[in-house]
Amino acid sequence: MFKSLYKETEGFRLVSILTPLCMIGEVVMEMIIPKLMSSIIDDGVTAGNLSHIYRIGGWMIVAAAFGLLFGVLGGVFGARASTGYARNLRRSMYRNIQTFSFANIDKYSTAGLVTRMTTDVTNIQNAYQMILRMAIRAPSSMVIAMIMAFTINAKLASIYLVAVIILGGCLVLIMSRASNYFSAAFKKYDDLNESVQENVSAIRVVKAYVREDYESEKFKKASGNVQDLLLRAEKVLSFNSPLMMATVYTCILLISWLGARMIVLSGATSFTTGELMSMLTYCTNILTSLMMLSMVFIMISMSAASAKRVAEVLEEESTLSNGENPVMEVKNGAVRFDHVCFRYKADGRDVLSDINLNIRSGETIGITHGAGVAQDLKTFASYNASPHELVRGMYPQILLDDAGRVAYTSFLEVLLEGDGGAYLWHCSEGKDRAGLGAVIVERALGVPEAYVRADYLATNLFVRNRAEGIVDAISKKLGLMKGLDADIDSLFYAYNDYYDCAMAAVNANYGSFDAYLAEALDFGPEKRQALRAKYLR
């Protein structure tokens, strides 16, 4: 995982190195300023030495200017490094996804891949910037401030040491609790994205079946799960600030009381007023740095899950592979299929087989599907039967011929074995192959026959307005088809006798629809039970 993620820093490694160096430079300048302030108070203000105040004040301005410069450069370099790293991650993920087969996509799901390329990468980008800046600045500031405090007075500095240990233990406890909630919330993002994707991609079906309330409730539930977990995490993190403030003010009170007592008892010889001010400044720096460090660890904990998910996509190898000595360049643009087969999984069943096709250079080929009935309506003029009779006679072939059985078998396998959280929806404009596909799925799920028939006939709700316009247009254009325009709606609408004819053919050949599922589609009772467990709630 680390190797694949580190590889994506290419092109931004220099700025990734310059960022922490600038952060260290900024911290050094900040730690020098309290020491200079102590010198101004003790050797300038107390002694009345105005020239010393001017000289040390000038050095403080120089230190502040360099600190500002290092801070700005660190911000610029850090932003460039993190955004560039995120760009490389998204680009590499996108390129690798383009090579995925259907099996690879089913493994992660479309919603999961979207989450990895957006939310996951954003989390990694934020964590990477915090690692380069805060993760370097916080410990550097804490260590340098602690060293400076011990050089001033080791006895008072020990107060910091005790406070750091106590505060550090409390922050570790808070961080561990919060990171668990963040990790759990992050997994819920896939469910949220999936809910949005399903609703948007099938919005016409949702509206046609008047399922807006159901989809709204489904989205509300997914969004509520994310909200609940994030709210719990934020409640835990809310203890950070009061705990930090309590520790800081406790240290300030102890240092002020003990420091003032040492100044009075020693006559400002062993400990001076300027040193006391420096100690108070270092107190704030040390404890603030510790709190910053805790936030860095929380962000890293959040992004660890994201990094793992992104690395999985980067390291995923497509199940599609070239054969021996593949032809990578087509010289004249010709394409030839010689006994080609296609399957969705390496160990799955062929959904296309023995395809032989030769496309010459410069030719244009159109591949049409069989979802519609009678692609060219003029051919009906050559039949001595009505369109209604022709369509009804086609229904047994859809379910019983080899092509139909192979297609429906593969369809059921995808629904049952897909790892990506597939979802079911009814084709809004297909009463024939798509409509019978919905019948097969519903019967496999154990839906009563009366409801299956009603759902098949519900296709008419979708196509009525559109079909009427198409029928009128066809009737005007096909003037040679006298008398056929009255029956042309048979091509668009679903009828009970279409459904009865298909079921009668199944019963005649297999005895029952359950037997058809088991024998023709290899979808026996165990698979039907697994399908119900997966999709029925």
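Quick note: structure is the one above.
Please read these numbers as outputs of a predicted model, since none were measured by experiment.

1. Here's the deal with the pattern of salt bridges
For the structure shown, the criterion picks out eight salt bridges. Here arginine 453 and aspartate 500 are joined by a salt bridge, their closest N and O atoms 2.7 Å apart. One end of the pair, arginine 453, is in helix α15 (residues 449-457); the other, aspartate 500, is in helix α17 (residues 496-510), and 47 residues separate them in sequence. Here arginine 453 falls in the partly exposed class, since its relative accessible area comes to 21%. Of the residues examined, aspartate 500 reaches a relative accessible area of 36% and is grouped as partly exposed.

2. What about unusual backbone geometry?
With the exception of glycine, the majority of residues adopt a negative phi angle, and the majority of peptide bonds are in the trans configuration. Unlike most non-glycine residues, histidine 339 shows phi in positive territory, near 55°. In this structure, aspartate 522 takes a positive phi of about 55° despite not being glycine. What makes aspartate 522 partly exposed here is its relative accessible area of 37%.

3. Topic: the packing of aromatic side chains
The final tally for this structure, using the stated rule, is eight aromatic pairs. Each ring, one from tyrosine 395 and one from tyrosine 456, has its centre 6.5 Å from the other, and the planes form 85°; the classification is edge-to-face. Of this pair, tyrosine 395 sits in helix α12 (residues 387-400) while tyrosine 456 sits in helix α15, and the two are 61 residues apart along the sequence. Tyrosine 456 matches tyrosine 395 in its accessibility class, with the two residues each being buried. Ring pairs connect the aromatic residues Tyr395, Tyr456, Tyr495, Tyr498 and Tyr499, which therefore count as one cluster. Positioned above the aromatic ring of phenylalanine 513, the side-chain terminus of arginine 443 is 4.6 Å from the ring centre.

4. Some points on the packing of helix α2 (residues 13-45) against helix α3 (residues 50-97)
Between α2 and α3, whose axes approach to 8 Å, the crossing angle comes to 160°. Taken together, α2 and α3 sit at an angle that is classed as roughly antiparallel. Considering how the two elements wind past one another, α2 and α3 form a crossing that is left-handed. Taken together, the residues of the contact of α2 with α3 sort by class into 21 nonpolar, twelve polar and three charged.

5. Considering helix α14 (residues 433-444)
For an α-helix, 3.6 residues make a turn, and residues three or four places apart therefore share a direction. The end-to-end C-alpha distance of α14 is 16 Å, a good match for the 16 Å that twelve residues give at a rise of 1.5 Å each. With ten of twelve residues buried, α14 is to be regarded as a mostly interior element. Regarding α14, the residues found buried are Gly435, Leu436, Gly437, Ala438, Val439, Ile440, Val441, Glu442, Arg443 and Ala444. Directly after α14, the chain includes glycine 446, whose backbone phi takes a positive value near 85°.

6. As for the packing of helix α5 (residues 110-132) against helix α11 (residues 273-315)
As a packed pair, α5 and α11 sit with axes 8 Å apart at the nearest point and diverge in direction by 140°. In terms of axis orientation, α5 runs oblique to α11. The handedness of the crossing between α5 and α11 is left-handed. Between α5 and α11, the contacting residues are Gly112, Leu113, Thr115, Arg116, Asp120, Val121, Asn123, Ile124, Asn126, Ala127, Met130 and Ile131 on the first element and Met295, Val296, Met299, Ile300, Ser303, Ser306, Ala307, Arg309, Val310, Glu312 and Val313 on the second.

Definitions and cut-offs
Residues numbered from 1 in each chain as written. Predicted model: local features only at pLDDT ≥ 70, side-chain atom pairs only at ≥ 80, totals over all residues. Heavy atoms only, no water. Salt bridge = Lys/Arg side-chain N within 4 Å of Asp/Glu carboxyl O. Helix = DSSP H or I, 4+ residues; strand = E, 2+ residues; numbered from the N terminus. Buried < 20%, exposed > 50% of the residue type's maximum accessible area, 1.4 Å probe, protein only. Phe/Tyr/Trp six-rings, centres within 6.5 Å; stacked < 30°, edge-to-face > 60°. Lys NZ or Arg CZ within 6 Å of the ring centre and 35° of its normal. Axes fitted to C-alpha atoms, helices over the stretch in contact; angles between N-to-C directions. Parallel < 35°, antiparallel > 145°, perpendicular 65-115°, else oblique. Left-handed = near helix turned anticlockwise from the far one by under 90°. Nonpolar A, V, L, I, M, F, W, Y, C, P; charged D, E, K, R; others polar. Expected span 1.5 Å × (residues − 1). Contact = heavy atoms within 4.5 Å.

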